[in-house]
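# Architecture and fold: a report
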Amino acid sequence: MTIIKREKIKHLEIILKVSERCNINCTYCYVFNMGNTLAADSAPIISLDNIAALRGFFERSVIENHIEVIQVDFHGGEPLMMKKERFNQMCEILREGNYGNSQLVLALQTNGILIDDEWIALFEKHQVHASISIDGPKHINDRHRLDRKGKSTYEGTVNGLRMLQNAWAKGRIPAEPGILSVANANANGGEIYHHFSKELKCQRFDFLIPDDQHADSTDAEGIGRFLNEALDAWFADGQPNIFVRIFNTYLGTMLNSQFNRIIGISANVESVYAFTVTSDGLLRIDDTLRSTSDKIFNPIGHVRELTLSSVLESTNAKEYSSLNSELPEDCNDCIWSKICHGGRLVNRFSPTNRFNNKTVFCPSMRVFLSRAASHLIEAGVSEETIIENIQQ
Ligand code: SF4
């Protein structure tokens, strides 16, 4: 029998909630501290049965579709709260799958505090890409990222980062560890940029826009200022080897409308899909939408029963896809609409209008995108090129 494969998919990413608990207590955490109890109500650690079920989902998916890369992001809570032996078994189950020509990438987002030599050995054995969550130097990081006793997490996190950097320098893990950091309206973005690039010697990082919604009191001006300070520092530094994802993505689009579109940031990202699988094996759409408690985050089904085509045909996935390609009404006349696209969905949400609002960070995006364009013009890019690319 000839199987006719459907859509060619470049990247299928699963945010896998391997631990629904955390060893620290960040004030802005969208999993635990934004009014949604889903994680606390779920199994603390994912079972190996659910891991095997996920492997089956991937194996069915690669029969239906050509998939270039399947990426599993071990996420939490704090994923390293899973016991090492279970983590090892989980990776073995996933690595043993038959995914045809698709490449399986294992990745991890961690606060780094629990990393020790045994963890490094496991990351080496299973070739896990690791990224660290930290918000800047100690006096800034510890404003929001304290442990359950209210103590600093900075030293523990930096220690974990150093261990990963050493392992990478020795060729033991597949990639340089990156940093994920939440933009902070009360901090100086330039200071954070220098801390990451000079003191922590990190060459790949990203500033996440906070998960605020319309019901929250948001300092959009402060976030715009933070991003511009970091952007100015990046340009002044002039180090092309330093990749700051949010900057590279938006500037890349201004230079080339098809550049490196990223799901969750860019509009109309084709052939790239990201879903969440919680510890109970239920698949849902974009993890950041859990804090909306909107019906769009309801489970699509259990990975034991789903196929990728049934996921893509589901009401939630279809609505998610159309929300990502439709502009909120407020944004119709905006010159930045093709690259900002109304902002991240979570930042557009209000209980009355759901996602038909511009982002609460609209003022931040306007000043940031204007500053980014002016840096490019100063660097010699013509205004016409930028205008042409942001209009496509
Ligand atoms: S900058 Fe503001 S108005 Fe323009 S697309 Fe973004 S959210 Fe909409």
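Quick note: structure is the one above.
In what follows, the accompanying structure is described. Being a predicted model, the structure only gives us computed values, none of them experimental. (Residues numbered from 1 in each chain as written. Predicted model: local features only at pLDDT ≥ 70, side-chain atom pairs only at ≥ 80, totals over all residues.)

## As for the overall build of the protein
- From N to C terminus, the protein includes 15 helices and ten strands.
- What you see for the protein is a C-alpha radius of gyration of 21 Å, in line with the 21 Å of a compact globule of 392 residues.
- If one aligns the C-alpha atoms of the protein with their principal axes, the spans along those axes are about 55 × 50 × 40 Å. (Helix = DSSP H or I, 4+ residues; strand = E, 2+ residues; numbered from the N terminus. Rg over C-alpha atoms; globule rule 2.2 N^0.38 Å.)

## What to know about the packing of helix α3 (residues 84-95) against helix α4 (residues 117-126)
- Across the interface, α3 lies against α4 with an axial gap of 11 Å and an inter-helix angle of 5°. Regarding the angle of α3 to α4, the classification is roughly parallel. Residue-level contacts link Lys84, Phe87, Asn88, Cys91 and Arg95 of α3 to Glu118, Trp119, Leu122 and His126 of α4. (Axes fitted to C-alpha atoms, helices over the stretch in contact; angles between N-to-C directions. Parallel < 35°, antiparallel > 145°, perpendicular 65-115°, else oblique. Contact = placed C-beta atoms within 7 Å.)

## Observations concerning the site of the ligand
- In the region of the ligand, 13 residues are neighbours, and Cys331, Cys334, Cys340, Lys358 and Cys362 sit closest.
- Contributions of two or more residues to the shell around the ligand are made by α12 (337-340) and α14 (362-378).
- In terms of residue count, the dominant contributor to the shell around the ligand is α14 (three residues). (Near = placed C-beta within 6 Å.)

## Thoughts on the environment of Arg354
- Of note, Arg354 is situated in the loop between α13 (345-348) and α14.
- Along the primary structure Arg354 and Ile386 are separated by 32 residues, whereas in three dimensions their C-alpha atoms are 32 Å apart.
- Those residues within four positions of Arg354 in sequence are excluded, and the remaining contacts are Asp294 and Phe349.

## Regarding the nonpolar core
- Within the largest apolar cluster, 92 residues are counted, with the highest numbers of intra-cluster contacts made by Leu227, Ala230, Tyr250, Leu369 and Ala372.
- The leading source of residues in this core is helix α8 (residues 220-237), at seven residues.
- For this core, the two domains that each supply at least three residues are domain 1 (8-325) and domain 2 (329-391).
- With residues near it in sequence (within four places) discarded, Leu227 still touches Ala183, Gly189, Phe207, Ser364 and Phe368. (Core = buried A, V, L, I, M, F, W, Y, C linked by C-beta atoms within 7 Å. Buried ≥ 20, exposed ≤ 12 C-beta atoms within 10 Å, placed from the backbone. Domains from an automatic or database assignment.)

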